[in-house]
Amino acid sequence: MRLLFLGAPGSGKGTQADIFKESMGLVKLSTGDLLRAEIQNDSGLGKKAKDFMNQGKLVPDEIMIGILENKISEFEAAGTGYILDGFPRTLPQAEALDKMLKRLNAPLDAAILIDVPEDELLRRLTSRWTCRNCTATPSFPDGKPDDAVCPVCGSNDLYQRDDDKRETILKRFAVYKENTYPLIDYYEKNGLLTRISGEGTVEDISGRIEPVLKAL
Ligand code: AMP
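Residues numbered from 1 in each chain as written. Predicted model: local features only at pLDDT ≥ 70, side-chain atom pairs only at ≥ 80, totals over all residues. Heavy atoms only, no water.

*Asks:* Would you take a moment to explain helix α5 (residues 91-103) for this structure?
*Replies:* The α-helix winds at 3.6 residues per turn, so residues separated by three or four positions along the chain end up facing the same way. Look at α5: 18 Å from first C-alpha to last across 13 residues, which is about the 18 Å you get at 1.5 Å a residue. Of all the positions in α5, only Gln-93, Ala-94, Ala-96, Leu-97, Met-100 and Leu-101 are classed as buried. An end-on view of α5 places all buried positions within 160° of arc, on one side of the element. Seen from the open side of α5, the exposed residues pointing more than 90 degrees away from its buried face are Lys-99, Lys-102 and Arg-103. Here the buried face of α5 lies against β1 (2-7), α4 (61-78), β3 (82-85) and α8 (182-189). Where α5 ends, the next residue or the one after it, Asn-105, has phi of about 55°, a positive value. (Helix = DSSP H or I, 4+ residues; strand = E, 2+ residues; numbered from the N terminus. Expected span 1.5 Å × (residues − 1). Buried < 20%, exposed > 50% of the residue type's maximum accessible area, 1.4 Å probe, protein only. Arc of directions from axis to C-beta. Contact = heavy atoms within 4.5 Å.)

Okay, structure coming up:
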């Protein structure tokens, strides 16, 4: 099974991808997590990506497409199904993905769009923290208590990403509208898109996605 999850920053696509990778025995490739790990390791790729990310900009297509082609080749060679979270984010990325999957005779099964109104996204993102230990992103809408721990792994090593600050978030929304929004049309036209309302709890949203994936 080959899936991709689309949605604005804060739509919860990463959380949902985590839920379904477990229940469906897939691996998740989050390009945002991958880039953050590279930055933490201070690698060459991390150094190239850091400024783009901290300013809320996209990392250039040629870098992202190269990374993705390597990863997809690994998954396909191992016969592992996967969920892409955060890729593609531009039309050239979507076209490169299509081209590669065509060459491998490995068609995408579905593109799941998680749809959330912008005021709700802004509220979620400004209250979002990230767990350094397991990369979960717990939300604290009334401020993070001093003794807060990660609800997934229990670590108290929580931090707020530079790109989750208000000014950067507004920039990320603008980038999403300009670059990623056209992908909705792209996947609608090729018949792969399913729109899911991203309002409500994590369980509400996964309850809407589950029957769609079961039907595939
Ligand atoms: P995310 O965790 O998916 O919100 O990604 C965080 C940041 O990583 C984005 O704001 C971009 O700067 C960068 N990024 C992640 N995936 C991509 C991609 N497919 N293309 C370009 N930049 C990306």
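*Asks:* Could you clarify how one ought to interpret the sheet that holds strand β4 (residues 110-115) in this entry?
*Replies:* What links the strands of a sheet is backbone hydrogen bonding, and the strands pair in either a parallel or an antiparallel sense. Reading across from one edge, β2-β3-β1-β4-β7 is the order of the 5 strands in this open sheet, with parallel pairing throughout. The sheet is open, and its two edges are formed by β2 (27-30) and β7 (193-197), each paired on a single side. Sheet twist, expressed as the mean angle between neighbouring strand axes with direction ignored, is 20°. Across 4 bridges, β2 lies against β3 in parallel orientation. (Pairing = 2+ DSSP bridges. Axes fitted to C-alpha atoms, helices over the stretch in contact; angles between N-to-C directions.)

*Asks:* Can you walk me through α4 in this structure?
*Replies:* In this model, α4 (18 residues) spans 26 Å end to end at C-alpha, consistent with the 26 Å of a helix rising 1.5 Å per residue. Residues of α4 that are buried: Met-64, Ile-65, Ile-67, Leu-68, Ile-72 and Phe-75. Along the axis of α4, the buried residues cluster in a sector spanning 160°; they form a single face. Facing away from the buried side of α4 by over 90 degrees, the exposed positions are Glu-62, Asn-70 and Ala-77. Structurally, α4 contributes buried residues whose contacts are with β2, α2 (31-40), α3 (44-54), β3 and α5. Directly after α4, the chain includes Gly-79, whose backbone phi takes a positive value near 70°.

*Asks:* Hey, could you run me through the pattern of salt bridges in this one?
*Replies:* Where charged atoms from two side chains of opposite charge come close, those side chains can pair. Under the definition given, this model contains 19 salt bridges. For Arg-123, the salt bridge goes to Glu-120, with nearest N and O atoms at 3.1 Å. Pair noted here: Arg-123 and Glu-120 are both in helix α6 (residues 118-126), with a separation of 3 residues, about one helical turn. Classification of Arg-123 by relative accessible area gives partly exposed; the value is 44%. The shortest N-O distance in the salt bridge between Arg-161 and Asp-164 comes to 4.0 Å. For Arg-161, a relative accessible area of 7% translates into the label buried. What emerges from the salt-bridge pattern is a single network uniting Lys-13, Asp-18, Lys-21, Lys-28, Asp-33, Arg-36 and Asp-85. (Salt bridge = Lys/Arg side-chain N within 4 Å of Asp/Glu carboxyl O.)

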